Amino acid sequence: MLLSAFISKRFRAHSGQKDGQNGFVSFIAKASTIGILLGVAVLIVALSVINGFEQQLVHRLLSVVPQVEYVAPNKPINNWQSKVALLRSQAGVTGAAPFISVNGMAQYKSELKAVEVRGVSPEFENQVSALNQFTEGRLVSQLQQEDVLLGQQIVNRLGLKIGDPVTLLIPQINQQSNTLLAPKRVSLNLAGIIKMGGPIDETAAFIRLDKAQSVLSFEQNQVTGLRLQVADVFAAHQTAMRVGQVIPDYVYVSSWFRTQGSLYQDIQMVRTIVYIVVFLIIAVASFNIVSSLVMEVREKQANIAILKTMGAQDSTILATFVMQGFTQALIGVILGTIIGVMLALNISELFTWASNLFGDNPLQGVYFIEFLPSKLVWQDIVITVIVTFVLAILATLYPAWQATRVDPAKVLGN
């Protein structure tokens, strides 16, 4: 093995000379190394960004949007206090809270904006939501009777600032004739601004639960739905169906898979596509090693013949050219990993810098975050390195085997 390593090193030094075919072989070898470098770096950065989106989905979006909801379609849920206690006692449930949800309009001066008004209990809401982390001004747990919290985009659309008066228009329905009545006007004060980013800021409006009960003429023990926080967000649907059986009311069961599931599926689909595409790029770069080694074997037939006449075994010749290709891959993998890790660790800052430089953020108002997240997972790096080396070694086997078939009598006799 040491002899093979020594011969491989001498071959590389000779190939690096820029004369005729030697220079062309060296160029092909360097091109394959650069291809592997770029492929490894791109794969590490892309997977880190995808992992970052998945992490933000769990720790940011799913900490605010309902993970599990039970919504009464026809009549309110009565005695919500006892049912919240019952739900909290179920396995896999870490929190439960009541809510009242109704669509309406927010009005300020002559401007109107459609909103989803949610009446929440300040005492229970913290058990199922991390909304306080994304609120400026008064928090959900500090809501007063005449307060309302609005999303950032609603505030921008209406031209509001904290302390301004806001009117909520709540639709009224005649239960006997099932006809739509004139909307009820509710005057409130803007006490806080929700800054989640993305679509949530376009519709979110939070008021106290007792205020919503008063507006809709509900009793104090009546709500339109119950919300859960679960221990395993990726098993939320199974938990929702199992736990929902303990509720005696007729309710619709909903989990975040229905409202945000397409986003999660998109993240997983992009992850799969990235794996396939970038590994194909690495495969192409790895098999460029075949071209460079085949040319090198032809160029060094005389050297191989001399080595054989001196007693070199076929295994020594095979190992020599395998090491040639392995070295090319090793350089590409090491440099690609270093560049990829450095970019992955700083991609958020680089994205913010580029957005400020060009004055445009392509994520603003589109996704649930307005920055480019990144989470470096070392398992991804290990898999990338192992697969790259396997492809590189496979690519060296055929040229190395061809080198062992060189006939010294034919080569040296010409």
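Since the structure is predicted, the reported quantities are computational estimates derived from the model, not experimental observations.

What counts, and where the lines are drawn
Counting starts from 1 at the beginning of each chain's written sequence and moves along it residue by residue. In view of the model being predicted, local features appear only for residues whose pLDDT reaches at least 70, and side-chain atom pairs are presented and counted only at 80 or more, with totals across whole chains, interfaces and linings using the full set of residues. Side-chain measures were taken over the full set of non-hydrogen atoms in the model, leaving aside hydrogen atoms and water. Strands are runs of DSSP state E lasting at least two residues, helices are runs of H or I lasting at least four, and both sets are numbered from the N terminus onward. Note on contacts: a residue pair qualifies if any of its non-hydrogen atoms lie within 4.5 Å across the two residues. Residues adjacent in sequence count toward polar contacts only when both atoms are side-chain atoms; beyond that, a polar contact is any pair of N or O atoms within 3.5 Å, and within protein one must be able to donate a hydrogen and the other to accept it. Pairing of aromatic side chains requires ring centres within 6.5 Å, counting the rings of Phe and Tyr and the six-membered ring of Trp. Pairs whose planes differ by under 30 degrees are stacked, by over 60 edge-to-face, and all others tilted. Per-residue accessibility, obtained with a 1.4 Å probe over protein chains only, is compared with the maximum for each type, and a residue is labelled buried under 20%, exposed over 50%, and partly exposed between these values. Helix span, expected: 1.5 Å multiplied by one less than the number of residues in the helix. Bend, in this description, refers to the angle at a residue between axes fitted to the seven residues ending there and the seven starting there. A pair of strands is treated as paired once DSSP finds two or more bridges between them. Space inside and on the surface of the protein is sampled on a 1 Å grid over the protein atoms alone, with a cavity defined as a set of points where a 1.4 Å probe fits but cannot get out and a pocket as an open set with protein on both sides within 12 Å along at least 5 of 7 lines; lining residues have an atom within 4 Å of a point. Grid points are joined across faces, edges and corners, and a volume is the space filled by probe spheres set on the points. Asp, Glu, Lys and Arg are counted as charged, while Ala, Val, Leu, Ile, Met, Phe, Trp, Tyr, Cys and Pro are counted as nonpolar; the rest, among them Gly, fall into the polar class. Within this analysis, the arc is defined by the directions that extend from the helix axis to the C-beta atoms. Here the nonpolar core consists of buried residues drawn from Ala, Val, Leu, Ile, Met, Phe, Trp, Tyr and Cys, with membership extended through side-chain atoms lying within 4.5 Å. Salt bridge, as used here: a side-chain nitrogen of Lys or Arg that lies within 4 Å of a carboxyl oxygen of Asp or Glu.

What about the environment of T388?
(1) Moving on: By the secondary structure assignment, T388 is in helix α13 (residues 378-404).
(2) Moving on: Setting aside residues up to four positions removed in sequence, T388 forms contacts with I36, V40, I282, S286 and V333.
(3) Moving on: Looking at T388, its side chain comes within polar contact range of the main-chain oxygen of T384, at 2.7 Å.

Quick word on the packing of aromatic side chains
(1) Moving on: Considering all chains together, one arrives at seven aromatic pairs under this definition.
(2) Moving on: On the basis of an interplanar angle of 75 degrees and a centroid distance of 6.2 Å, the ring pair of F234 and W256 is categorised as edge-to-face. Separated by 22 residues along the polypeptide, F234 in the loop between β9 (225-230) and α8 (236-243) and W256 in helix α9 (residues 256-259) bring together distant segments of the chain.
(3) Moving on: On the accessibility criterion, F234 (33% relative accessible area) is partly exposed.
(4) Moving on: On the numbers, 6.1 Å between centres and 70 degrees between planes, the contact of Y250 with Y252 is edge-to-face.

Concerning unusual backbone geometry
(1) Moving on: The residue N79 is not glycine, and still its phi comes out positive at about 50 degrees.
(2) Moving on: Locating N79 in the fold gives a position in the loop between β1 (68-71) and α3 (80-88).

Notes on α13
Every α-helix carries 3.6 residues per turn, so stepping three or four residues along brings you back to the same face.
(1) Moving on: Taking 1.5 Å of rise per residue, 27 residues should cover 39 Å, and α13 covers 39 Å from first to last C-alpha, within 8% of that figure.
(2) Moving on: The largest bend in α13 is about 30 degrees, located at L397, with the proline P399 one to four residues further on.

Focus: the pairing of strand β5 (residues 147-151)
(1) Moving on: Counted residue by residue, β5 has five buried out of five residues, so it is predominantly covered.
(2) Moving on: Note: β5 against strand β8 (residues 204-208), two bridges, orientation antiparallel. Each residue of the ladder has a partner; that of L149, found in β8, is F206.

Some remarks on empty space enclosed by the protein
(1) Moving on: The tally for this structure, following the rule as stated, stands at two cavities of 30 Å³ or more.
(2) Moving on: Considered as a void within the structure, the largest cavity measures approximately 60 Å³ in volume.
(3) Moving on: In terms of lining residues, the largest cavity is bounded by V102, V117, L168, I170, V186, I207, A212, V215 and L216.
(4) Moving on: Mapped onto the lining of the largest cavity, the elements with two or more residues apiece are β6 (165-174) and α7 (209-215).
(5) Moving on: Here the residues of the lining of the largest cavity sort into nine nonpolar, no polar and no charged.

Remarks on α3
(1) Moving on: All buried positions along α3 are accounted for by W80, K83, V84 and L87. In a view along the axis of α3, the buried residues occupy a sector of 105 degrees, so they form one face of it.
(2) Moving on: For α3, the elements touching its buried residues are β1, β2 (93-108), α4 (122-125), α7, β9 and α8.

Structural notes on the environment of A41
(1) Moving on: Of note, A41 is situated in helix α2 (residues 20-61).
(2) Moving on: Judged by relative accessible area, A41 falls into the buried class, the value being 7%.
(3) Moving on: Taking C-alpha positions, A41 is 9.7 Å from I381, a pair spaced 340 residues apart along the chain.
(4) Moving on: Beyond its immediate stretch of four places on either side in the chain, A41 contacts G336, I339 and G340.

Quick look at the side chain of S129
(1) Moving on: Here S129 lies in the loop between α4 and β4 (135-137).
(2) Moving on: Overall, S129 belongs to the buried group, its relative accessible area being 9%.
(3) Moving on: There is a polar contact of 3.1 Å between the side chain of S129 and the backbone nitrogen of L131.
(4) Moving on: Residues contacting S129, with those up to four places away along its chain left out, are S63, V64 and R227.

Section: the nonpolar core
(1) Moving on: Formed by 108 residues in total, the largest nonpolar core has its most connected members in Y70, L150 and L168.
(2) Moving on: With 14 residues, helix α10 (residues 261-299) is the largest single contributor of residues to this core.

Regarding the pattern of salt bridges
Proximity of charged atoms lets side chains of opposite charge pair with each other.
(1) Moving on: Under the criterion given, the structure shown has 10 salt bridges.
(2) Moving on: As a salt-bridge pair, E54 and R271 come within 2.8 Å of each other at their nearest N and O atoms. Of this pair, E54 sits in helix α2 while R271 is found in helix α10, placing the two residues 217 residues apart along the sequence.
(3) Moving on: What emerges from the salt-bridge pattern is a single network uniting E69, E116 and R118.

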